[in-house]
Amino acid sequence: MKKTIGGLVLLIALAGLQSFKGKPVQAPKPAAIGKATMDRGKRIYTQRCLVCHQVDGGGVPHLNAPLDGASLVQGNDKTKLVRIILKGYSDRVEIDGEYYSNNMTPLADLNDQQISDVLTYVRNSWSNRASAITPAEVKAVRAKTK
Amino acid sequence: MKKAFQILSLAMILSGYGISHAKASGDDPKKKPAKTVAADADNAGLKLPTGFGALVVAENIGRARHIVVNKQGDVYVKLTGRVNGKGITKLHDADGDGKADQITGFGQYGGTGITIKNGYLYASSDEEVFRYKLDDKENVIDTTKAEKIISGLINRRQHESKSIVLDNNGSIYVNIGAYSNSCQERDRQAGSLGRTPCPILDSAGGIWQFSADKGGQTYGDGVRYATGLRNVVGLDWNQQANQLFVMQHGRDDLHNIFPNLFTEKDNAELPAECMYALKKGDNAGWPYIYYDPFQNKKMQAPEYGGDGKKEGGKDAIDPVVAFPAHLAPNALLFYTGNMFPAKYKNGAFVAFHGSWNRAPLPQEGYYVVFVPFENGKPSGKWEIFANGFAGVDNITPRSALHRPTGLAQGPDGSLYVSDDQKGTIYRIVYNGK
């Protein structure tokens, strides 16, 4: 019986390998983000974001939402991301299937370049890969946000 | 291939059936061994003092918050969030090996608080407290009959859990946490000052006392027993002092809110996580003060004119123990059992969920500590009792494998610890001589 199971496991493992043949698994190709942008973004992240969202971008379960792997962070709604930085976040809403208790403070004192850098950084750190957010995009959202 | 699978599955089902059947036949109480259960070979991954061992009672049962063990050794677990629609899980060990083999659920609400007293199981959601009548073996007689004794308690996301404990006089004590970090005009915002007087304290930021035996109570039926407590998750009734003891979660973000007054290191190390012995009418001082464990003083909060040097809170009580900052004490238990060595008798165990607000400095906590007590007062320094729950180096709150959340004492004197990260229930036993 034990032998049968062993053989079966091997078979399943081989079958698994077979199915991946020709399409190696790898992280999505990072967008072309300059090192200078990432370095500036990391500095702001460390000063202003890390205490809640943590060094691994994992947040704090049920208190502070994770950034790593978050659909909103990597999504196409850049306006929403810029607004969260400008206005903070205190909505009781489900984020990727979880609720988070703590309010996020607004960071509207950051300038357009700084917001662009830190958002680009979090969209391209840990497992995240998404396009950059430009200072012009931040400026446009800020103009429309009261 | 498919057929081989079917045969295999059938064989597994049959052998599995065989095991559970054998276990059920071991349910005869006369055959149950009286000796202490065996610890797991790896002590469930925990580091413990010499002579102690640990075993996993159950795992992956959901976000296990507070726990209580009935006189038969069944564990009732309060879940935050529900599993299969149920907010309370009962773990039963039919064959006496210490491992739960019958797991059942009831209660339609998530929450944190759970306790047993005077023939009832009490459990809380984040707004209400319920109770269930127990039979003489402390089994819930009818799990569908929850008597709602308190409702309408404030839940505004932050510090929403309601912890509960009873005294010996028919009262139940409920923590109602402050829905704020430090009662600022704008919560957690840099430079925002505190509201005076803090309006939160009317309905939260304290411990409320209600009747344990009366249905349909709300704020008007309760008494604000103690105030100025930001958020209490761990609390217990000390039988020797006949007094309520609580663990406060201290405030966050001194550096982030007042970067000119407090460094990142200050932020990580201030304020203390405090244990308070409460009397009716006590004020622990939140949000106007915080406790500095290095100066051993109550300091004026920066939201109210403090600067890290100015003392405050002349009318506020002092803590009986000051622990390092941000460790997040989620459970308090006074040990009255006979299994552990004499030094543990009547002492306090505290389960620290583990920090996040110490970042970017290393995180701390994620362990259970012990504080010796004599005659209802701390009689020595606290020490780490059970460590290794996080199971990783360079802990972050997400990467921690387990986070201690609840404590309970079994009828044999075992100490149970719950984990709300992965849903493991641990049982710590003493096998030394």
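What you are looking at is a predicted structure, and each value in this text was computed from that prediction instead of being measured.

**Q** Got a sec to walk through the nonpolar core? Specific residues and values, please.
**A** Side chains of nonpolar character tend, in soluble globular proteins, to be buried together. All names here are of chain B. If you look at the biggest cluster of nonpolar residues, it comprises 27 residues, and the most contacted ones within it are Phe340, Phe349, Val368, Phe385, Leu407 and Ile428. Sorting the residues of this core by element identifies β1 (52-58), β21 (329-334), β22 (348-352), β23 (367-371), β26 (383-386), β28 (415-419) and β29 (425-430) as the ones contributing at least two each. Every residue in contact with leucine 407, bar those within four places of it in the chain, is listed here: Ile67, Ala331, Leu332, Leu333, Phe349, Val350, Ala351, Val368, Leu415, Tyr416 and Val417. By size, the runner-up hydrophobic cluster in this structure holds 25 residues, among which are Tyr122, Val129, Leu153 and Leu166.

**Q** Give me helix α2 (residues 35-53) of chain A: which residues, what numbers.
**A** Relative to the 27 Å expected for 19 residues at 1.5 Å per residue, α2 of chain A spans just 22 Å between its end C-alpha atoms, considerably shorter than the ideal helical length. The largest bend in α2 of chain A amounts to roughly 55 degrees and is located at threonine 46 of chain A. Among all positions in α2 of chain A, only Met38, Gly41, Ile44, Tyr45, Cys49, Leu50, Val51 and His53 of chain A are buried. In this fold, the buried residues of α2 of chain A make contact with α5 (112-122) of chain A together with α2 (254-257) and α3 (264-269) of chain B.

**Q** For the pairing of strand β2 (residues 64-69) of chain B, give the residues involved together with the corresponding values.
**A** Residues and elements named next belong to chain B. Within β2, six of the six residues are buried, which leaves it mostly tucked inside the rest of the structure. Pairing of β2 with strand β3 (residues 75-83), which is carried by four bridges, proceeds in the antiparallel orientation. Within the sheet, the bridge partner assigned to valine 69 lies in β3 and is valine 75. Counting the residues between successive antiparallel strands, the hairpin from β2 to β3 contains five residues, one of them, glycine 73, with a positive phi of roughly 95 degrees.

**Q** Tell me what's going on with the confidence of the model for chain A, and back it up with residues and numbers.
**A** Confidence along chain A averages 84 in pLDDT terms, with 79% of residues attaining 70 or more. α5 of chain A holds the highest mean pLDDT among the elements of chain A, 98, whereas helix α1 (residues 2-20) of chain A holds the lowest, 42.

**Q** A description of the sheet that holds strand β17 (residues 282-283) of chain B should follow, citing residues and the corresponding values.
**A** Sheet architecture is open: five strands sit in the order β10-β11-β12-β13-β17 (chain B), paired in mixed fashion. Sheet topology places β10 (164-166) and β17 of chain B at the edges, where each strand pairs with a single neighbour.

Analysis parameters
- Residues numbered from 1 in each chain as written.
- Chains lettered and ligands numbered in written order.
- Predicted model: local features only at pLDDT ≥ 70, side-chain atom pairs only at ≥ 80, totals over all residues.
- Heavy atoms only, no water.
- Core = buried A, V, L, I, M, F, W, Y, C linked by side-chain atoms within 4.5 Å.
- Buried < 20%, exposed > 50% of the residue type's maximum accessible area, 1.4 Å probe, protein only.
- Helix = DSSP H or I, 4+ residues; strand = E, 2+ residues; numbered from the N terminus.
- Contact = heavy atoms within 4.5 Å.
- Expected span 1.5 Å × (residues − 1).
- Bend = angle between axes of the 7 residues up to and from the residue.
- Pairing = 2+ DSSP bridges.
- pLDDT = per-residue confidence, 0-100.

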